[in-house]
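Spelled out, the chains give:
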Amino acid sequence: MIFLLALIPATMLTVAGYAVFYLAHRSEGNLKAFGRVLGIWAFTLAGLLVLCCLFLAAHAGRMHSMMMLHGCPMMQDRSSPMPWGEPPPGNPPPPAAPGAQPAPVTPPSKPAP
């Protein structure tokens, strides 16, 4: 959906780039060079807008995991379950596969006197 919404400003930037190129072609001197640079800039912005929206659409809900891995302070206190399948903190681990060896239980260490 975000990609479709980005097509409107990208189309407007592309049309503006063509208009600037046309007007720059008809002018002379420094204005012609400035028009070329401005037209290239409009096309570059339109392309970056489409690429950014494709990136956001491809990474729909997974951006928060990157923030949590790097210790983002805004993501430290997250209590909702993760949308990509990791259990929230505090849940027991999933049961072991049938026929698997159970993990050895280590006795608790005695406190130092």
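Placed above this text is the structure.
A few points on the structure. (Residues numbered from 1 in each chain as written. Predicted model: local features only at pLDDT ≥ 70, side-chain atom pairs only at ≥ 80, totals over all residues. Heavy atoms only, no water.)

**Examining the packing of aromatic side chains**
Aromatic ring pairs are defined here through the distance separating the ring centres and the angle between the ring planes.
Right, on to step 1. As enumerated under the stated definition, the model contains 2 aromatic pairs in all.
Right, on to step 2. Ring plane angle 85 degrees and centroid distance 5.1 Å describe the contact between Y18 and F43, whose orientation is recorded as edge-to-face. Pair noted here: Y18 is in helix α1 (residues 2-26) and F43 is in helix α2 (residues 30-58), with a separation of 25 residues, a long-range link.
Right, on to step 3. Looking at Y18, the relative accessible area reads 55%, which means it is exposed.
Right, on to step 4. For F43, a relative accessible area of 26% gives the class partly exposed.
Right, on to step 5. Look at F21 and F43: their rings are 5.6 Å apart centre to centre, the planes differ by 25 degrees, and that puts the pair in the stacked class. With a gap of 22 residues between them, F21 in helix α1 and F43 in helix α2 connect regions that are remote in the sequence.
Right, on to step 6. A network of ring pairs unites the aromatic residues Y18, F21 and F43 as a single cluster. (Phe/Tyr/Trp six-rings, centres within 6.5 Å; stacked < 30°, edge-to-face > 60°. Helix = DSSP H or I, 4+ residues; strand = E, 2+ residues; numbered from the N terminus. Buried < 20%, exposed > 50% of the residue type's maximum accessible area, 1.4 Å probe, protein only.)

**So, a nonpolar patch on the surface**
Right, on to step 1. A surface patch of nonpolar side chains, amounting to about 790 Å² of accessible area, comprises L31, F34, L38, W41, L45, L48, L51 and L54.
Right, on to step 2. Counting through the fold element by element, F34 comes out in helix α2. (Patch = residues over 30% accessible without salt bridge, like charges linked within 9 Å, V, L, I, M, F, W, Y side chains within 5 Å. Areas by Shrake-Rupley, 256 points an atom, 1.4 Å probe, with all protein chains shown as cover. Salt bridge = Lys/Arg side-chain N within 4 Å of Asp/Glu carboxyl O.)

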